[in-house]
Each structure stands twice: as structure tokens, then as C-alpha cells.
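Close look at the chain arrangement
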Amino acid sequence: MKYDELKLGKKQNPSIIPILGASIIFPVSVIFWILNYFLKIVSSRDEDSDLIDGHDGVTPTRWLVSIGVSIFITLYGLKKKTLSKSGCLLAILVGFFLSLSSYCFMFSLLGFFFTSSRATKFRQHLKKKFEENFKEGGQRNWIQVLCNGGMATELAILYLVDVGYGERPIDFHTDYRASWLGLGILGSLACANGDTWASELGTVVSIISSQPRLITSFKKVPKGTNGGVTLGGLIFSFLGGTLVGFVYYLVILFTVDNAILARSPAQFPLIYIGGIGGLLGSVIDSILGATLQFSGIDPSGKIHEVPGSKIKPISGLCVLDNHSINLLSTIFTGFLLPSIANSLM
């Protein structure tokens, strides 16, 4: 029997992506570590550290993880078509700063990224029926990455400058600034994830989906209307934020020294505080969408965000678009959640 008659298929060439990734990650992380070793740009200001003056330069491992995670998110997003090329460029910066500042932020970001990407692809055939600008796979460009992760990245940079790097328990009494910034990042990511879950799952899960009602007047509106809410959507927004809070809590539990945890307040409230952040962010998003974002319906039943001659207005003024509202929601939630958490912990 001839070899080609066996129908074994052609031998595939090995993927060079891991090689290219490693060739970038390893040298860049070493360069960053060497520069920081001499310049002391980023340090860990830990009162429990035995180091002189409480300053510790970023370790090679953390540089490696920070750069590796950002590259991994980018390659995964390209492969799964959840990120455009421009979105990948900004995602590298978002992943880098969140990973460098704290693994709590890094894993919270990963929780948001992977679950929201899956939610966006869930029952896409149903979303095509009422979404005007529907994209197969929900590919995010740089504007969407900025509006969902910009606030968290800004707070992570402030965390690096003011607090340093490292994982810290939430304790507003003895470590106020680190706790405020940490809860701000948690709130921003919980808002982004909760709103994504609400819009992507709440509208297509038939068990708990219902006719949306405009959050400002409670009148019934078509699916996809900006500012329209359902019980299912609100539940999903809380669950999406809860997942981010749960991830944040687990990382604290496994990375912070037990002696430090014993002197700190209980950290498990972070789980439902994340849920509050997801729900709060979704409500803020809906209020802004119902008032400052135009919604209209065409004869085919699709929702439009721009007025037109054949578009019947439903609600909202044509002031903001969906990206602007996402950005404002993450900013407001990032500012409000630390105060809420301070009263609960």
C-alpha cells in the first residue's frame, strides 16, 4: 500500500506564535527589571516588610508575569477574534499595568475578559435580530478597550505611584489609600463585566428574559433599547460583578500572608461588594442610556442610535454614544464603590 493511500493527512507546520511570544516576553521583562533595579521606579511600600525603608524593587517574576499576561491576552484575543488589531495594542497596556500593580487586579481583569468574551458570543443569532451594529464574535477595538478598561488602568497606575506593587488586604483603617484604589479598580471591572453580562445574556436567556422597561419611566420598550432593563438583566449584572469580586477575594486569600490577614478585616464581603459594583454600574449605564443616548426603531424592528427619517424615536437625547456611556459608568462606579465598601467592611 502506498503512503498516500493511508490518508493520514498532511503534516502541519508547528506554530511559531509561542516562540515569537517568548522571544518578546523574556528579553523585555529582563530589560524592565534591570532598569527598575537601578532607577527604583516601582517599589513595594509594605510596612510588614523587613527590607530597609520598606522598599523592594519589582522582582523578575512579576515583570515576566506582567508582560506575559498582556501578550497572552493579545494573542488569545486575536485568535478568538474578540479583539481587533487596534484593540490588541491597547489591551497590552491595560494588561501590563493591572498585572504589574497587583495580581488581584490581573486575575480580576482575566475574569472579566474571558467571561465577557464568552457572553458576547452566546446566542448571537438572536442578537442579530434587534442590534443594528451587530458584529460576529463581538470584536472589540481600541475605543471599546479604553472605555471598559481605561478607568481601571488609570487607578492601577496611581496604585503603582502611590502604594507600589503587591497584593494587600482591604483595610480602610490602616491602609486607606491602597484599599480605596483597590476597590476603585474592582468597581470599574465589576461594572464592565456586569453591564456586559446584562446586555449579552439578559436579552437572550429565555428563562428569565422579559419585555424590557425603560429605567426612567418603566414603560415597555423593545429589546435592545438603551436604558431598557429587565429582572434577568439586573440579575446577570449582579452575577457578573460577583464573579469579579470572587476572583479578587480568592487572590487575596492565596497571596497575602496569613498573619496579615489575621490582623485585617474579613475579606469575604468583597464577593458581594463586587456584585454591588456590577449592579450599580449597570443601573448607571441604563440611566445614562435612557436620557443621553438616542434610541429609535426602524420598520424591521432593529434599534438605532442615530435619528433618521424612517427611525421612530423611543427615548433619549442624541448626546452620548454607547462607548461614552460605558466609560462614564466605569468611572462613576470606580469612584462610588470604595465609599460603599468602606461602610460595609
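A brief report on the enclosed structure follows. (Residues numbered from 1 in each chain as written. Predicted model: local features only at pLDDT ≥ 70, side-chain atom pairs only at ≥ 80, totals over all residues. Heavy atoms only, no water.)

Quick notes on the overall build of the chain
The helix and strand tally for the chain stands at 11 helices and 5 strands. Relative to its 345 residues, the chain shows a buried fraction of 49%. A separation of at least 24 residues holds for 72% of the contacts in the chain among residues at least 6 apart in sequence. Total accessible area on the chain stands at roughly 17,600 Å², and carbon and sulfur atoms take up 66% of it. (Helix = DSSP H or I, 4+ residues; strand = E, 2+ residues; numbered from the N terminus. Buried < 20%, exposed > 50% of the residue type's maximum accessible area, 1.4 Å probe, protein only. Contact = heavy atoms within 4.5 Å. Areas by Shrake-Rupley, 256 points an atom, 1.4 Å probe, with all protein chains shown as cover.)

Description of the packing of aromatic side chains
Under the defined criterion, the tally for this structure stands at 11 aromatic pairs. Both rings, one in tyrosine 76 and one in phenylalanine 114, keep their centres 4.9 Å apart while their planes meet at 80°; by these two values the pair is edge-to-face. Of this pair, tyrosine 76 sits in helix α2 (residues 60–80) while phenylalanine 114 is found in helix α4 (residues 103–121), placing the two residues 38 residues apart along the sequence. Classification of tyrosine 76 by relative accessible area gives partly exposed; the value is 23%. (Phe/Tyr/Trp six-rings, centres within 6.5 Å; stacked < 30°, edge-to-face > 60°.)

Re the nonpolar core
Taken as a class, soluble globular proteins show a tendency for nonpolar side chains to be buried jointly. Within the largest apolar cluster, 46 residues are counted, with the highest numbers of intra-cluster contacts made by Ile73, Leu98, Leu183, Ile185, Tyr248 and Leu270. Per element, the largest residue contribution to this core is 9 residues, and it comes from helix α7 (residues 176–201). Setting aside chain neighbours within four positions, we find isoleucine 73 in contact with Leu83, Ala91, Leu109, Leu110 and Phe113. Counting residues in hydrophobic clusters, the runner-up holds 8 residues, among them Val58, Ile67, Leu100 and Leu160. (Core = buried A, V, L, I, M, F, W, Y, C linked by side-chain atoms within 4.5 Å.)

Let's talk about the packing of α4 against α7
Relative orientation of the contacting elements α4 and α7 amounts to 10°, with a least axis distance of 9 Å. The orientation of α4 relative to α7 falls into the category roughly parallel. Across the interface between the two elements, Phe105, Ser108, Leu109, Phe112, Thr115, Ser116, Ala119 and Thr120 of α4 pack against Gly182, Ile185, Leu189, Ala192, Asn193, Thr196, Trp197, Glu200 and Leu201 of α7. Of the residues belonging to the contact of α4 with α7, the class tally is 9 nonpolar, 7 polar and 1 charged. (Axes fitted to C-alpha atoms, helices over the stretch in contact; angles between N-to-C directions. Parallel < 35°, antiparallel > 145°, perpendicular 65-115°, else oblique. Nonpolar A, V, L, I, M, F, W, Y, C, P; charged D, E, K, R; others polar.)

Here's the deal with helix α6 (residues 142–162)
The largest bend in α6 comes to about 55°, at glycine 149. The N-capping residue of α6, defined by a side-chain oxygen 3.1 Å from the backbone nitrogen of isoleucine 143, is asparagine 141. Trailing α6 by a residue or two, glycine 164 shows a phi angle of about 105°, which is positive. (Bend = angle between axes of the 7 residues up to and from the residue. Polar contact = N/O pair within 3.5 Å; in protein donor to acceptor, adjacent residues only side chain to side chain.)

A closer look at a nonpolar patch on the surface
A contiguous nonpolar patch, built from Leu231, Ile235, Phe238, Leu239, Phe268, Tyr272, Leu279 and Leu344 and spanning about 690 Å² of accessible area, is present on the exposed surface. When contributions to the nonpolar patch are tallied by element, the ones reaching two or more residues are α8 (231–255) and α10 (269–292). Mapping leucine 231 onto the fold places it in helix α8. (Patch = residues over 30% accessible without salt bridge, like charges linked within 9 Å, V, L, I, M, F, W, Y side chains within 5 Å. Salt bridge = Lys/Arg side-chain N within 4 Å of Asp/Glu carboxyl O.)

Some words on the side chain of serine 84
Along the chain, serine 84 falls in the loop between α2 and α3 (85–101). Residue serine 84 is classed as buried on the basis of its relative accessible area of 15%. Within the structure, serine 84 has its side chain in polar contact with the side chain of serine 86 (distance 3.1 Å). Ignoring sequence-local partners within four residues, the contact set of serine 84 consists of Gln139, Arg140, Asn141 and Trp142.

Topic: the sheet that holds strand β3 (residues 295–297)
A sheet is described by the order of its strands in space; here 3 strands give the open sequence β4-β3-β5, paired in antiparallel fashion. The sheet is open, and its two borders are formed by β4 (303–304) and β5 (312–315), each paired with just one other strand. Sheet topology places β3 next to β5; 3 bridges connect them, and they run antiparallel. Its bridge partner being in β5, glycine 296 is matched across the sheet by proline 313. (Pairing = 2+ DSSP bridges.)

Describing the packing of α2 against α4
With their axes 12 Å apart at the nearest point, α2 and α4 run at an angle of 5° to one another. Put simply, α2 runs roughly parallel to α4. From α2, Thr61, Arg62, Val65, Val69, Phe72, Ile73, Tyr76, Gly77 and Lys80 reach across to α4, where they touch Tyr103, Met106, Leu109, Leu110, Phe113, Phe114 and Lys121. Here the residues of the contact of α2 with α4 sort into 11 nonpolar, 2 polar and 3 charged.

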